[in-house]
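Now for the letters of each chain:
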Amino acid sequence: MKKIILLLGICFYVVGVYAQKLETQTLDEKGDSYEVRIKHFNKLFGEAFTPEKVAPLIQEKEKAAQRAAWREKCAKKLLTDQLKQILKQVATTEGGGLWVTFYIDKTGKVLTVKFMVTSGVYVKLPTKMQKELYNMAMEEKLDPSGYNFDDTRTYAVDGFDLMKRAVEENKK
């Protein structure tokens, strides 16, 4: 009986992780750029993510280098072979971009992730790949010492351009 309950618990956990619903919003009138984020983002985070509460980056060279190293490591993890292939294809045909933005708390835990995507990339990214990318990004952990958290600054924002990294990797 315990084994069955444990097995069911694991199944529900796995389904919960991969059942994350994402929504897409157009960022411009022509439909050239999209934002992909967790469904009901404003309802879930609207009050928590206000400009007054964002912790600024600490500008010391050591902290900037630390954040840059994390971005490179994270990009390597997120740029799967299939995603690299799509991004390189779009870069050579029509150009575009895929930016990932992390919202983190004062412990460095990722609260949520947003993706800014140009239409050329968006139409080639299958929904399954978007969800996998979201789930991989949510597993990241950032070093909070690179941000100026205090009692009023409760979250930080960081991110990078995956398209640029995929194309630059091709040039090396």
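Refer to the structure printed above.
Residues numbered from 1 in each chain as written. Predicted model: local features only at pLDDT ≥ 70, side-chain atom pairs only at ≥ 80, totals over all residues. Heavy atoms only, no water.

Colleague: Outline the pattern of salt bridges, supporting the account with residue identities and numerical values.
Modeller: All chains considered together, the criterion is met by four salt bridges. We note a salt bridge from Arg71 to Asp158, for which the minimum N-O separation is 2.8 Å. Pair noted here: Arg71 is in helix H3 (residues 61-78) and Asp158 is in strand S5 (residues 156-161), with a separation of 87 residues, a long-range link. When its relative accessible area of 17% is taken as the criterion, Arg71 is described as buried. Put simply, Glu132 and Lys128 hold a salt bridge, and the shortest N to O gap is 4.0 Å. Here Lys128 and Glu132 lie together in helix H6 (residues 127-138), a separation of four residues that amounts to about one turn. (Salt bridge = Lys/Arg side-chain N within 4 Å of Asp/Glu carboxyl O. Helix = DSSP H or I, 4+ residues; strand = E, 2+ residues; numbered from the N terminus. Buried < 20%, exposed > 50% of the residue type's maximum accessible area, 1.4 Å probe, protein only.)

Colleague: Give a detailed account of the sheet that holds strand S3 (residues 98-104), specifying residues and quantitative values.
Modeller: Strand order in the open sheet formed by five strands is S1-S2-S4-S3-S5, and the pairing between neighbours is antiparallel. Looking at strand neighbours, the two that pair on one side only are strand S1 (22-26) and S5, the edges of this open sheet. Looking at each pair of strands side by side, their axes are set apart by 20 degrees on average, direction ignored. For S3 and strand S4 (residues 110-118), the ladder comprises seven bridges, and the chain directions are antiparallel. Looking at the pairing, Thr101 lines up with Lys114 of S4. Packing of H3 onto the sheet brings it into contact with S3 and S5, and relative to S5 it is tilted by some 60 degrees. (Pairing = 2+ DSSP bridges. Axes fitted to C-alpha atoms, helices over the stretch in contact; angles between N-to-C directions. Contact = heavy atoms within 4.5 Å.)

Colleague: If you had to explain the nonpolar core to someone new, which residues and values would you point to?
Modeller: Leu98, Phe102, Phe115 and Leu162 are the most contacted members of the largest nonpolar core, which has 39 residues in total. With five residues, S3 is the largest single contributor of residues to this core. In this structure Phe115 touches Tyr34, Glu35, Val36, Leu98, Trp99, Val100, Leu133, Tyr134 and Ala137, once residues within four positions along its chain are discounted. (Core = buried A, V, L, I, M, F, W, Y, C linked by side-chain atoms within 4.5 Å.)

Colleague: Break down the pairing of strand S2 (residues 33-38) for me, with residues and values.
Modeller: Of all six residues in S2, five are buried, a share of seventy percent or more. Counted along the chain from S1 to the antiparallel partner S2, the turn is six residues long, and its residue Gly31 has a positive phi close to 75 degrees. Pairing between S2 and S4: five bridges, direction antiparallel. In the sheet register, Val36 faces S4, and the bridge partner there is Phe115.

Colleague: Pulling in residues and values, what's your account of the side chain of Thr101?
Modeller: Looking at where Thr101 falls in the secondary structure, it is placed in strand S3. The class for Thr101 is buried, based on a relative accessible area of 17%.

Colleague: So what about the environment of Lys109? Which residues, and what values?
Modeller: Mapped onto the elements, Lys109 comes out in the loop between S3 and S4. Among the residues examined, Lys109 registers a relative accessible area of 48% and is labelled partly exposed. Taking the C-alpha atoms as reference, Lys109 lies 8.8 Å from Asp143; in sequence the two are 34 residues apart. Each residue touching Lys109, except ones within four places of it in the same chain, is listed here: Tyr103, Ile104 and Lys141.

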